[in-house]
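Architecture at a glance
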Amino acid sequence: PPECIVFSSPEGRARFECALRNGGCEAYFHLAEQFTTQPNPAFCGVSSLVVVLNALSMDPGKAWNGSIWRWYHEDMLDGVCRDLEYIRKHGMTIAEFACIARCHGCEVSLTYATPLECSGPTNYDAFKAAVISVCCRRPENELRRQFLVCSYRFES
């Protein structure tokens, strides 16, 4: 869509440079070094959670793929709140995302930008404040890093 700015375009690069210069990229590098592409079209939530868990240096409690590396992979999230076969067919809600994140040791707060059929707070100002807090604040303790995951409805 024309309202979207391509990250690698001159304007996208200028905006990134401005955000970096003004302290708006505090979470970016931790996330970027863990980037992974989703192995299934319905896995946007699952793959996003894998990136966040790895950026938080969360220990999955077992080695990845029989190696010595202890990193999360999508398959490691099977059977927690939802099985992956269901998610492959139907995707996941933000509430299911939060459930899986909590089951893996994350502290989760849900904030909705607009009213939906949901049980969490619905406040655009609170959502904006969460974006600013996560993007612009460096934690005093690196073990207290925070990330923000946004979800949207395809019909919207």
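Residues numbered from 1 in each chain as written. Predicted model: local features only at pLDDT ≥ 70, side-chain atom pairs only at ≥ 80, totals over all residues. Heavy atoms only, no water.

Overall, the coordinates contain 1 disulfide when judged by the stated rule. The side chain of C81 participates in a disulfide bridge whose partner is C99; the two sulfur atoms lie 1.8 Å from each other. The sign of the -70° torsion about the S-S bond sets the C81-C99 disulfide as left-handed. Highlighted residues: C81 in the loop between α3 (44-55) and α4 (84-90) and C99 in helix α5 (residues 94-103), separated in sequence by 18 residues. A relative accessible area of 29% means that C99 is categorised as partly exposed. In this structure C18 is not part of a disulfide, and its nearest cysteine sulfur, from C25, lies 9.3 Å away. (Disulfide = S-S within 2.5 Å. Helix = DSSP H or I, 4+ residues; strand = E, 2+ residues; numbered from the N terminus. Buried < 20%, exposed > 50% of the residue type's maximum accessible area, 1.4 Å probe, protein only.)

To continue, consider the pattern of salt bridges. Scanning the entire structure with this criterion turns up 5 salt bridges. The residue R70 makes a salt bridge to D59 at a minimum N-O spacing of 3.0 Å. Here the residue R70 occupies a position in the loop between α3 and α4, and D59 occupies one in the loop between α3 and α4, the gap between them amounting to 11 residues. The exposure class assigned to D59 is partly exposed, which follows from its relative accessible area of 46%. (Salt bridge = Lys/Arg side-chain N within 4 Å of Asp/Glu carboxyl O.)

Within the chain, S57 stands out as a residue other than glycine whose phi angle is a positive 60°. Tracing the chain through its elements places S57 in the loop between α3 and α4. For S57, a relative accessible area of 55% corresponds to the exposed category. Its identity is not glycine, yet C81 carries a phi of approximately 70°, on the positive side. According to the relative accessible area criterion, C81 is partly exposed, its value standing at 37%.

Spatial relationships are all this shows, so hold off on functional conclusions.
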